[in-house]
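Structure assessment
Here are the chains, one letter per residue:
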Amino acid sequence: SNATRMMTTCGRQTNRLMLAIVLLVSLTIIASSPPHSRVSSSASSPAANPRVSLARDPTRTCDTAATRRQTCGGMVAGIAGAANTLLLRDAKAAPRSTGSFQVPTIEASVLGSGRDSLPIKRVINGLWQVSGGHGRIKPEQAIEDMFKYVDSGLTTWDAADHYGPAEILAREFRKQYKLRRNEEPPIQVLTKWVPRPGEMPYELVEAAVDARRQRLGVDQIDLLQFHWWDYNNKNYIDAMKHMKTLKEQGKIKNLALTNFDTDHLRELVEVHDIPIVSNQVQFSMLDRRPLQKMVPFCRKHDIKLLAYGVLCGGLLSDEYLGVRDPSERIDTASKQKYWYGTINQWGDWSLFQKLLKTLKTVGGRHGGASIANVAQRYVLDQEQVGGVIIGARLSRRDHIDDNLHAFDLKLTAQDYEEINAVLNQGRMLPGDCGDEYRRYA
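This text gives an overview of the structure that appears in the document. (Residues numbered from 1 in each chain as written. Predicted model: local features only at pLDDT ≥ 70, side-chain atom pairs only at ≥ 80, totals over all residues. Heavy atoms only, no water.)

1. Points about the overall build of the chain
Our working definition: Where helices and strands are cited, they refer to DSSP runs of H or I of at least four residues and of E of at least two residues respectively, numbered from the N terminus. Here, two residues are considered to be in contact whenever any of their heavy atoms come within 4.5 Å of each other. Values of accessible area rely on a 1.4 Å probe in the Shrake-Rupley scheme; residue burial ignores everything except the protein chains shown.
Of regular secondary structure, the chain possesses 14 helices and 10 strands. Considering only contacts in the chain between residues 6 or more positions apart, those separated by 24 or more positions represent 80%. Carbon together with sulfur atoms contributes 51% to the accessible area of the chain, which is approximately 18700 Å² in total.

2. Brief notes about the packing of aromatic side chains
Selection rule: Each Phe, Tyr or Trp ring (for Trp, its six-membered ring) is paired with any other whose centre lies within 6.5 Å, and the angle between the two planes then decides the class: stacked below 30 degrees, edge-to-face above 60, tilted in between. Burial classes: relative accessible area under 20% of the type maximum marks a residue as buried, over 50% as exposed, and values in between as partly exposed (1.4 Å probe, protein chains only).
Under the counting rule described, the total for this entry stands at 15 aromatic pairs. Summarising the aromatic geometry, the rings of tryptophan 229 and tyrosine 437 are spaced 6.2 Å apart at their centres and angled 70° between planes, so their arrangement reads as edge-to-face. With tryptophan 229 in the loop between strand S6 (221–226) and helix H7 (235–248) and tyrosine 437 in the segment after helix H14 (413–423), this residue pair connects regions lying 208 residues apart in the sequence. Looking at tyrosine 437, the relative accessible area reads 23%, which means it is partly exposed. Their ring planes at 80° and their centres at 5.3 Å tell us that tryptophan 339 and tryptophan 349 sit as a pair that is edge-to-face. With tryptophan 339 in helix H10 (residues 333–346) and tryptophan 349 in helix H11 (residues 349–364), this pair connects stretches of sequence that are 10 residues apart.

3. With respect to the nonpolar core
As a rule of thumb, nonpolar side chains are buried together in soluble globular proteins. For clarity, the threshold we go by: Put simply, a nonpolar core is a bunch of buried Ala, Val, Leu, Ile, Met, Phe, Trp, Tyr and Cys residues held in one set by side-chain atoms that sit within 4.5 Å of each other.
With 116 residues, the main nonpolar core has Phe226, Met243, Phe352, Leu355 and Leu394 as its most contacted residues. Beyond its immediate stretch of four places on either side in the chain, leucine 355 contacts Met285, Leu286, Leu316, Trp346, Val422 and Leu423.

4. Notes on the packing of H7 against helix H8 (residues 262–271)
Rule in force here: All axes are obtained by fitting lines to C-alpha atoms, using only the stretch in contact for helices, and the reported angles, taken between N-to-C directions, cover 0 to 180 degrees. When an angle is under 35 degrees it counts as roughly parallel; over 145 it counts as roughly antiparallel; between 65 and 115 it counts as roughly perpendicular; any other value is oblique. Should the near helix be turned anticlockwise from the far one by less than a right angle, the crossing is left-handed, and should it be turned clockwise, the crossing is right-handed. Three residue categories are used. Nonpolar comprises Ala, Val, Leu, Ile, Met, Phe, Trp, Tyr, Cys and Pro, charged comprises Asp, Glu, Lys and Arg, and polar comprises the others, including Gly.
Two numbers describe how H7 lies on H8: the axes approach to 11 Å, and their chain directions differ by 45°. Relative to H8, the element H7 is oriented oblique. As for how H7 packs across H8, the hand of that crossing is right-handed. Contacts between H7 and H8 involve Tyr236, Ile237 and Met240 on the former and, on the latter, His264, Glu267 and Leu268. Its residues assigned to classes, the contact of H7 with H8 shows 4 nonpolar, 1 polar and 1 charged.

5. Some words on unusual backbone geometry
The backbone of aspartate 302 shows a phi angle near 55°, a positive value even though the residue is not glycine. Mapped onto the elements of the fold, aspartate 302 is located in the loop between helix H9 (294–301) and strand S9 (304–308). You will see that glutamine 384, though not glycine, has its phi angle at about 75°, which is positive. Within the element layout of this structure, glutamine 384 appears in the loop between helix H12 (371–380) and strand S10 (385–391).

6. Considerations on H8
The cut-off we apply is this: N or O atoms within 3.5 Å of each other form a polar contact, as long as, within protein, one can give a hydrogen and the other can take it, and as long as residues adjacent in sequence are counted only when both atoms are side-chain atoms.
If you check which residues of H8 are buried, you get Thr262, His264, Leu265, Glu267, Leu268 and Val269. Those residues of H8 hidden inside the fold are in contact with H7, strand S7 (252–258), strand S8 (276–282) and H9. Structurally, the start of H8 carries an N-cap: the backbone nitrogen of aspartate 263 is 3.4 Å from a side-chain oxygen of aspartate 261.

7. Topic: the environment of proline 165
In this structure, proline 165 sits in the loop between strand S4 (156–158) and helix H5 (166–181). We classify proline 165 as buried; its relative accessible area is 4%. For the pair proline 165 and valine 130, spaced 35 residues apart in the sequence, the C-alpha separation amounts to 6.9 Å.

8. What about the state of the cysteines?
Going by this rule: Two cysteine sulfurs form what is called a disulfide whenever their separation falls within 2.5 Å.
Applying the stated criterion to the full structure yields 0 disulfides. Considering cysteine sulfurs only, cysteine 433 is the nearest to cysteine 298, which forms no disulfide, with 8.1 Å between them.

9. Details of the sheet that holds strand S3 (residues 123–126)
Within a sheet, neighbouring strands are paired by backbone hydrogen bonds and run either parallel or antiparallel to one another. Definition in use: Strand pairing is assigned whenever DSSP identifies at least 2 bridges connecting the two strands.
In spatial order, the strands read S3-S4-S5-S6-S7-S8-S9-S10; together these 8 strands close into a barrel with parallel pairing. Neighbour-to-neighbour, the strand axes of this sheet turn through a mean angle of 30°, independent of strand direction.

10. Notes on the pattern of salt bridges
It is possible for side chains of opposite charge to pair when their charged atoms get near one another. Where we set the bar: A pair is scored as a salt bridge if a Lys or Arg side-chain nitrogen falls within 4 Å of a carboxyl oxygen belonging to Asp or Glu.
On inspection of all chains with the given rule, the structure shows 28 salt bridges. Ionic contacts of the salt-bridge type, sharing partners, join the residues Glu107, Arg122, Arg377, Asp381 and Lys410 into one network.

11. Considerations on helix H4 (residues 139–152)
Threshold: To estimate the expected span of a helix, count its residues, drop one, and scale the result by 1.5 Å.
Taking 1.5 Å per residue, 14 residues should reach 20 Å; H4 reaches 20 Å between its end C-alpha atoms and fits that length. With 10 of 14 residues buried, H4 is to be regarded as a mostly interior element. For H4, the full list of buried residues reads Pro139, Ala142, Ile143, Glu144, Asp145, Met146, Phe147, Tyr149, Val150 and Ser152.

Have a look at this one:
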């Protein structure tokens with residue numbers, strides 16, 4: 001009857017409204033929680049503490065009130081209108097339309113070996129951009145964009161404890177995927193722990209690992225990448241030993257590093273027997289430091305490199321070809337980082353324009369491949385590179401099709417000769433991997 005249908009409709013709307021209110025209140029409490037709230041080190045599974053804090057984690061580096069407002073504010077502010085749809089949409093997402101674009105075979109690599117081996121896609125979706133400095137994130141649209149990436153075959157994500165809501169977005173995507181498709185999402189989430197240097201007792205390390213598990217919504221972390229700011233403080237060795245123990249307990253599938261130099265990677269692997277499967281480092285055609293010491297060592301120990309900065313924050317792209325003065329277009333944190341820290345160290349703007357013209361010419365010989373495609377392929381072809389991390393501007397921009405085109409591209413000997421001829425006119429960046437965060441910081 002009409003009355004029955006009206007009652008059913010009202011009931012559904014009431015349920016949706018209540019869920020939206022609950023989510024909004026929860027996230028508001030989270031964002032305003034005291035800066036020293038922490039995850040109990042006794043938690044044995046993500047279910048042990050269902051309310052995951054976006055605020056103070058004592059194992060994290062970024063914990064001022066201003067930082068919390070910057071990284072979490074967008075998530076909370078936009079959630080009121082999005083919560084109902086985000087939680088209750090249960091229809092399968094429409095198949096991704098690619099028009100006339102033929103999706104290429106997506107290359108994969110494997111981190112580790114044996115039962116702990118982790119297959120990943122060689123183009124990895126980076127989530128640094130959701131941490132701030134790249135525009136406001138719309139959480140509902142961000143989740144929908146993650147579906148697009150995964151449906152295209154790009155299923156590997158790079159997150160971190162200090163990337164704002166990155167880990168929580170991964171968790172919410174996992175929930176939505178199960179809700180809509182009634183199966184586990186085919187994703188791999190690589191995250192990081194970046195603590196302040198200091199004492200590293202087992203309880204602190206375990207709390208950090210449990211925090212990552214709870215924020216990601218998983219029992220076992222696929223890959224935990226560890227960064228350490230000060231090698232003069234040797235407590236990083238204790239931290240890695242404790243993480244090895246937690247790996248043996250099943251809380252971590254694979255251990256990795258980020259921005260470690262070759263000497264300290266060697267120390268952990270050869271002296272302390274830490275099973276490192278990858279090291280995430282800055283690696284681009286302008287920053288070829290890994291080729292000097294890092295690649296030979298990683299070859300010896302079957303360690304993969306995960307390369308970031310491959311596109312220099314988007315500066316290695318068609319958008320900057322022919323631009324006379326880049327200063328007005330340095331409009332994101334990524335572009336500022338690579339404009340001042342990489343391009344200016346390698347050469348001047350006129351030489352950079354010469355490189356862009358060369359890459360455009362090379363791409364033209366391969367069906368009009370973009371400058372970004374050529375820059376990606378150059379790094380993908382380097383020995384020991386397991387994957388390249390390309391920033392995902394969730395709810396802002398979509399570069400999925402262009403990223404996929406990198407798998408179609410095969411550079412020739414002529415291509416490499418022309419590219420290297422320009423690259424060699426610039427300066428080699430000083431030091432080893434990660435030195436920009438320590439020696440030259």
